[in-house]
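Structural characterization, general
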Amino acid sequence: MSNNHGGKREGAGRKFIYNEPTKVLRVPESRIVEIKNYLKKTSRHDDISDIRQVDPVTHVQIQLAHERVAAGFPSPAQDYVDKTLDLNEHLIRNAEATFIVRVNSQSMLGIGIDINDELIVDRSLEAKHRDIVIALLDNDFTVKRLMIESGTYWLKAENPEFSDIHLTDGQELVIWGVVTRVIKNFR
């Protein structure tokens, strides 16, 4: 009887954003609660909780209504569905460079981006002044509005309860991608 359990399996285990090997850290059982509390207190919470690359192979076509929908008074219902729409073609410009990230904070609530919204992010686009971007700041992801003024870059929060981010000496800012769409779940 052979035992096929345990041991190293290529590709197994948790995936981390740092793209490097991980290391097990052992701590005394009596100190676990203290260490967890310390980590919660000192760690900054990323604005992004999940990053997934778009799978351009999946094709989903839905019916596209010919008539526009009024947001004010209702108009008479019409049965005009004249074609289908491929969501990949509609939502994604460059599939190989497009990712979906899940929002983990309310720093952009003023423009309608809330916790658990999913953002479609295109890494092939060059970020411009006032674009909504996913930025990597000191190894933490954040979603903010990119501001460029007189050659100076800073990140604007769209919620007055959150501070804007002005870079200090030694801080590294990498624009990871430009947000092109927001996907909301209303249920």
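Structure shown above.
Just so we're clear, the structure is a prediction, and the values are computed from it rather than from any experiment.

1. Thoughts on the overall build of the chain
The secondary structure content of the chain amounts to two helices and ten strands. Ordered by position in the sequence, the α and β elements of the chain form the string α-β-β-β-α-β-β-β-β-β-β-β. Sorting the 187 residues of the chain into buried and exposed places 26% on the buried side. Put simply, 60% of the contacts in the chain that link residues at least 6 apart link residues at least 24 apart.

2. So, the pairing of strand β5 (residues 118–122)
Of all five residues that make up β5, five are buried, and the element is covered over most of its length. The alternating pattern of β5 places Glu118, Ile120 and Asp122 and Leu119 and Val121 on opposite faces, both of which are buried. Two elements, strand β4 (residues 98–103) and β5, share five bridges in a ladder whose sense is antiparallel. If you follow Thr98 over to β5, its bridge partner there is Asp122. Direction of pairing for β5 relative to strand β10 (residues 173–183): antiparallel, over a ladder of five bridges. Note on β10: the bridge partner recorded for Ile120 is Arg181.

3. What about the environment of Lys156?
Its place among the elements puts Lys156 in strand β8 (residues 152–156). For Lys156, a relative accessible area of 24% translates into the label partly exposed. Note: C-alpha distance between Lys156 and Arg145 (eleven residues apart in sequence) is 4.9 Å. When neighbours within four sequence positions are excluded, Lys156 is seen to be in contact with Met108, Lys144, Arg145, Met147 and Asp164.

Cut-offs and rules
- Along each chain, numbering runs from 1 in the same order as the chain's sequence is written.
- In keeping with the predicted nature of the model, local features appear solely for residues at pLDDT of at least 70, side-chain atom pairs appear and are counted solely at 80 or more, and the whole-chain, interface and lining totals rest on all residues.
- Excluded from the side-chain calculation are hydrogens and water; included are all heavy atoms of the structure.
- Numbering of helices and strands starts at the N terminus; helices are DSSP runs of H or I of at least 4 residues and strands are runs of E of at least 2.
- For every residue, the accessible area (1.4 Å probe, protein chains only) is compared with the maximum for its type, and the residue is labelled buried under 20%, exposed over 50%, or partly exposed between those bounds.
- It only takes one pair of heavy atoms within 4.5 Å for two residues to be counted as in contact.
- Strand pairing is defined by DSSP finding a minimum of two bridges between the two strands.

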